[in-house]
Every structure is written in C-alpha cells, then in structure tokens.
Amino acid sequence: MKRALVIGSEGNIGKPLAAHLRAQGWEVLCADIKPGWRKDYLQVDINQPADLMPTLRWKPDVIFALAAVVSRVTCEQASSLAVSTNLGGLNNVVLLAQAADAKLVYFSTSEVYGPTDGPMDEVLTTPRPNNRYGLTKLLGEQLVDYEVAQHGLRAVTLRPFMIYDENEDFGDHRSAMIRFAHDLARGRPIQVHRGSARGWLHISDAVRAIEAAAEVEEHAVINIGHPDVAPIEALAEGLRARLNAAASLVTLNDLPARMTAAKQPSLTRMRDLLGVTPKVSLDEGLDRVVARVRARLALAGQPA
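The present account deals with the structure reproduced in this document. (Residues numbered from 1 in each chain as written. Predicted model: local features only at pLDDT ≥ 70, side-chain atom pairs only at ≥ 80, totals over all residues. Heavy atoms only, no water.)

Comments concerning the sheet that holds strand β3 (residues 41-43)
Here is step 1: Read from one edge to the other, the open sheet built from seven strands follows the order β3-β2-β1-β4-β5-β6-β11, with strand pairing classed as parallel. Here the strands that pair on one side only, and so sit at the sheet edges, are β3 and β11 (221-224). Recorded for the sheet is a direction-independent mean angle of 20° between the axes of neighbouring strands.
Here is step 2: Relative to strand β6 (residues 155-160), strand β5 (residues 103-107) runs parallel, the two being bridged by four bridges. Considered in β6, the bridge of valine 105 is made with valine 156.
Here is step 3: Seen against the sheet, helix α8 (residues 203-213) touches β4 (62-65), β5, β6 and β11 and runs at an angle of roughly 145° to β5. (Pairing = 2+ DSSP bridges. Helix = DSSP H or I, 4+ residues; strand = E, 2+ residues; numbered from the N terminus. Axes fitted to C-alpha atoms, helices over the stretch in contact; angles between N-to-C directions. Contact = heavy atoms within 4.5 Å.)

Rendered as structure tokens:
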C-alpha cells in the first residue's frame, strides 16, 4: 500500500484529495496548520521545520505539497507571510521529501503565467507573473527545479486552473464560482469582471489528475484545468438563471490591477502524461453547485 503525506490537507483541495486517495487504496497522513485531533492527522506549520519532523517516522512514499499562502489579494496584503511561506516553507517541505526519499508533487498556480495572449503552454509560454502570488509560486517552481537538477529530487509540478467544489467553504476569499452562487442565492449583488474568461475544473477531475502526477517518472511541469473556457459573464448568467435571481443583481466592472483577463491552458500534458481528461462539464458543474448551495442554506435556515 502506498503512503501519501498530504500537507495542506484541510483546505478546499487537500480535503477531497485525501478522501480520494484513501478511496483508491492509499494510506494517508494528513497535515495542516489548522488544529485537529485524530490519529491520521498532524498539526504543522511548514515554516517551522521541527513541525515536519514527525512525518519522517511515518515514511511517506509521496508528499503532496498544497500548503501555501494563496490568492492574488491575500499575497499582496500579507506579502512577507506569502514570501516566507511559499518559499521558505516550501524549502522545508523539499528537504523533508529528500530526507524521506519521497516523491514530491508540488502545487503551483496558473497565476505564474501572468497576462498572455493565446494558450498558456508549459514549454512555449514564458511565465511573467503580475502579482505576488504568481511570483512566489514561480520562484517555488524554480526551487523545485534546482533540487531536481542538483540533488536528485523526484518531483512533479502542477499548475492548476480554477478548481472548484460545490462543498468548498463560503467566503469572500473564494473563487467566483462559489462566491457568485452563494451571493445570488441570498439575493445579494455580484460584480463581474468585464472581458475575463476561465475554464472550470471540478474537484472530482482535479483529484484524479493530482493522484496521477505521483506516477509520472520524469520531472515535468503540468497544467491541470478544463478545456472549455467561458466568459465570466456567462458563468454569472448561468448561476443567476438557475437560481432565479434578478438580473439587476449582476453588475459589470473593469478588470482590477494584477489580474489576468483570460486563461486558456494548454492541456496536452494533462492528457498525455497524467492520462486525465475532465468528465464534468461546466453545465453539470453549475447544476451541482446550485443544488448544493441551496441545500446548505436550507440547513442553515436561510432562504435560497
């Protein structure tokens, strides 16, 4: 039985990833900065190397490194924390992987590309991040590249594009998919960025891709995302119509600073190296999100 250490296990991707790995027969140890008291869990801060040491005794085969300071806005506001965690903390995880002789699956971000025309290709497109989140993640990629080349680290780097889950936390910090659905369901206005476009990858497809990365033999950087890129205006309208929300709740705003308008990933490596193509369409995903948001608000005694 393979052993997986999932660092960042309590997040919106880490939690379903851990559940997926267990369902596929992996033995999983979870680790996160959030407090927790269960036998398969350790509370750790990746900025503190001593916190990671107990995982060595567990001898993981693969370390899935998801812990980070994320989001464009957060990393601008908490710049020192972003740099120290996304570089120094990652360095601690890299050294842990080396000490454990474990494969590292490093979770980067599509924000490394920055504004660019056409497909965002892992080889052909030169990354030019225009926010601190993308910058720290790109520097993290370069740290992983260095350790692979100089010290034999076994690693794969993933660049995710807009992963969503109908069960993820509500909050202003979340992606447009969940924020829009939650706010529209409660009759609250939403602001849509004019001219922006994204592809949306459901978590059930994302976790298959993340698991498959552990089986890639050679070091590679791989985009994971959905090939169907749609305007954010269309996303908002799809949610609005399904929720029977008033059209007046949707307003268009100009794109904010340090945000990329359109993201069109090249997904050849996801198909060829990971053997994964998305199964959940955007329409099916919208149906799932709306149904789950309504159910969660009903349980909370709030009309939707």
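Some remarks on the nonpolar core
Here is step 1: Counting residues in hydrophobic clusters, the biggest one holds 35 residues, and the most contacted among them are Phe64, Leu158, Ile224, Met270 and Leu274.
Here is step 2: Elements with a minimum of two residues in this core: β1 (3-7), α1 (14-23), β2 (27-32), β4, β5, β6, α8 and β11.
Here is step 3: It is α8 that provides the largest number of residues to this core, a total of seven residues.
Here is step 4: Setting aside its immediate chain neighbours within four residues, leucine 158 contacts Val105, Tyr106, Phe107, Ser108, Thr109, Ile210, Ala213, Ile222, Ile224 and Leu274.
Here is step 5: Counting residues in each nonpolar core, the second largest holds 26 residues, with Met177, Leu184, Leu286 and Val290 among its members. (Core = buried A, V, L, I, M, F, W, Y, C linked by side-chain atoms within 4.5 Å. Buried < 20%, exposed > 50% of the residue type's maximum accessible area, 1.4 Å probe, protein only.)

Thoughts on the environment of aspartate 287
Here is step 1: Looking at the secondary structure, you find aspartate 287 in helix α11 (residues 282-299).
Here is step 2: The exposure class assigned to aspartate 287 is partly exposed, which follows from its relative accessible area of 43%.
Here is step 3: A C-alpha to C-alpha distance of 9.9 Å links aspartate 287 and leucine 243, two positions 44 residues apart in sequence.

Some remarks on α1
Here is step 1: When we look at burial in α1, the residues that qualify are Gly14, Leu17, Ala18, His20 and Leu21. Projected onto a plane normal to the axis of α1, the buried residues spread over an arc of 165° and lie on a single side.
Here is step 2: Count one or two residues on from α1 and you reach glycine 25, which has phi positive near 100°. (Arc of directions from axis to C-beta.)

Let's talk about the packing of helix α5 (residues 79-100) against helix α6 (residues 132-151)
The geometry of a pair of packed helices is captured by two quantities: the angle between their axes and the separation between those axes.
Here is step 1: Relative orientation of the contacting elements α5 and α6 amounts to 20°, with a least axis distance of 10 Å. Taken together, the axes of α5 and α6 are roughly parallel relative to one another. Like other packed secondary-structure pairs, α5 and α6 cross with a definite hand, here right-handed. Here Ser79, Ala82, Val83, Asn86, Leu87, Leu90, Asn91, Val94 and Gln98 of α5 lie close against α6, whose contacting residues are Arg132, Thr136, Leu139, Gly140, Leu143, Val144, Glu147 and His151. (Parallel < 35°, antiparallel > 145°, perpendicular 65-115°, else oblique. Left-handed = near helix turned anticlockwise from the far one by under 90°.)

Comments concerning unusual backbone geometry
Here is step 1: Positioned with a positive phi, serine 71 is a non-glycine residue whose angle comes to about 90°.
Here is step 2: Note on placement: serine 71 falls in the loop between β4 and α4 (72-77).
Here is step 3: Taking relative accessible area as the criterion, serine 71 reaches 22% and is therefore assigned partly exposed.
Here is step 4: For methionine 162, which is not a glycine, the phi torsion comes out positive at approximately 50°.
Here is step 5: Inspection of the secondary structure puts methionine 162 in the loop between β6 and β7 (163-164).

Geometric descriptors of this kind do not, in isolation, establish any biological role.
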